[in-house]
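Close look at the chain arrangement
Listed below, chain by chain, are the residues.
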Amino acid sequence: MHIAIDGPAGSGKSTVAKILAHKLNLTYIDTGAMYRAITLKIIWNKINPNDPNDIQNLMENTSISIRNNRVFLDNKDVSNKLRTPEVNKLVSRVSKIKKIRQHMVKLQKEMARNNNVIMDGRDIATRVLPDADFKFFLTASLEERAKRRAKDLKKAGYVYDFGQIKKEIEARDKMDMKRRESPLRRAKDAVLIDTTNKSIQEVVDEILSHIKGGKKSVL
Ligand code: DC
């Protein structure tokens, strides 16, 4: 069983995917966290993302894995370091680098092979799991998504400027949608769910009813 959930930042993908993974006994794979982990290494090692040799070298000497919902970078648990403002700022620039995307997509396909997974990201239904059993595309208004991100940052103890968050999300959306290599877009056969005025439970129920209805994602 493969379920793909795509959508922009703050659309509710990961919250909903985690709940569904638990309910349906699937392995949850947060692909955004994988791009965040490689971004963290670029920041820590002061790597120039524009230098193709540095990037090649980086990809050859980096291991990223997910175990029990924890993300490991070179076998170190970095799960609590992935959502800092520094990573937020750089991650879209990093994730549009072709070499990095190719490597991640390959890794994600391997993770799904022989496993029942629910995977969330930007290109899961279009690129990573084009044959997924079920595909969903979550959206929400920019205002609502910025509110959700602000809530997360507040919870983690960061001081933030709401206008700034909105601008950053907008910039990230633009970069994710406009990149050449597997951009953020809805697959033709993905079910569109606008989560703006819906509770987490409502979105979970909506997805479950599609799955239980057994209608697979076919055109
Ligand atoms: O879902 P997130 O906000 O943690 O994702 C962080 C960034 O990673 C996002 O801005 C774009 C990138 N990303 C991607 O390009 N492809 C994916 N499958 C998942 C995330």
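Read on for an overview of the structure.

The rules we used
- Residues numbered from 1 in each chain as written.
- Predicted model: local features only at pLDDT ≥ 70, side-chain atom pairs only at ≥ 80, totals over all residues.
- Heavy atoms only, no water.
- 1 Å grid on protein atoms, 1.4 Å probe; cavity = no way out; pocket = protein on both sides within 12 Å on 5 of 7 lines; lining within 4 Å.
- Points joined across faces, edges and corners; volume = space filled by probe spheres on them.
- Helix = DSSP H or I, 4+ residues; strand = E, 2+ residues; numbered from the N terminus.
- Nonpolar A, V, L, I, M, F, W, Y, C, P; charged D, E, K, R; others polar.
- Core = buried A, V, L, I, M, F, W, Y, C linked by side-chain atoms within 4.5 Å.
- Buried < 20%, exposed > 50% of the residue type's maximum accessible area, 1.4 Å probe, protein only.
- Contact = heavy atoms within 4.5 Å.
- Near = heavy atom within 4 Å.
- Polar contact = N/O pair within 3.5 Å; in protein donor to acceptor, adjacent residues only side chain to side chain.
- Areas by Shrake-Rupley, 256 points an atom, 1.4 Å probe, with all protein chains shown as cover.

Here we take up the layout of surface pockets. Reported here for the second largest pocket is a volume of approximately 180 Å³. If you go around the second largest pocket, you meet 14 residues; those closest to its centre are Pro85, Leu153, Gln164, Ile165 and Glu168. When contributions to the lining of the second largest pocket are tallied by element, the ones reaching two or more residues are α4 (85-95), α7 (142-155) and α8 (162-178). A total of five residues in the lining of the second largest pocket trace back to one element, the largest contributor, which is α8. Counted by class, the lining of the second largest pocket contains seven nonpolar, two polar and five charged residues.

For the rest of this paragraph, the subject is the nonpolar core. Ranked by internal contacts, the top residues of the largest apolar core, which has 40 residues, are Ile38, Ile42, Ile55, Ile100 and Leu129. Breaking this core down by element, the ones donating at least two residues are α2 (31-44), α3 (52-60), β3 (64-67), β4 (70-73), α4, α5 (98-112), β6 (117-121) and α6 (124-128). The dominant element in this core, judged by the number of residues it contributes, is α2, at seven residues. When near neighbours in sequence (up to four residues on either side) are disregarded, Ile100 contacts Tyr35, Ile38, Ile42, Ile55, Met59 and Val94. In this structure, Val16, Ala21, Leu26 and Val203 belong to the second largest nonpolar core, which totals 18 residues.

Below, the discussion takes up the site of the ligand. Within the structure, the ligand sits among 17 residues, and Arg36, Arg101, Asp123, Arg172 and Arg179 are positioned closest to it. The contact in question runs from an oxygen atom of the ligand to an N or O atom on the side chain of Arg101, over 2.8 Å. At a separation of 3.0 Å, an oxygen atom of the ligand approaches a polar side-chain atom of Asp176. When the ligand is considered free in solution it has 450 Å² of accessible area, and contact with the protein chains removes 97% of it. Elements supplying a minimum of two residues to the shell around the ligand: α2, α4 and α8.

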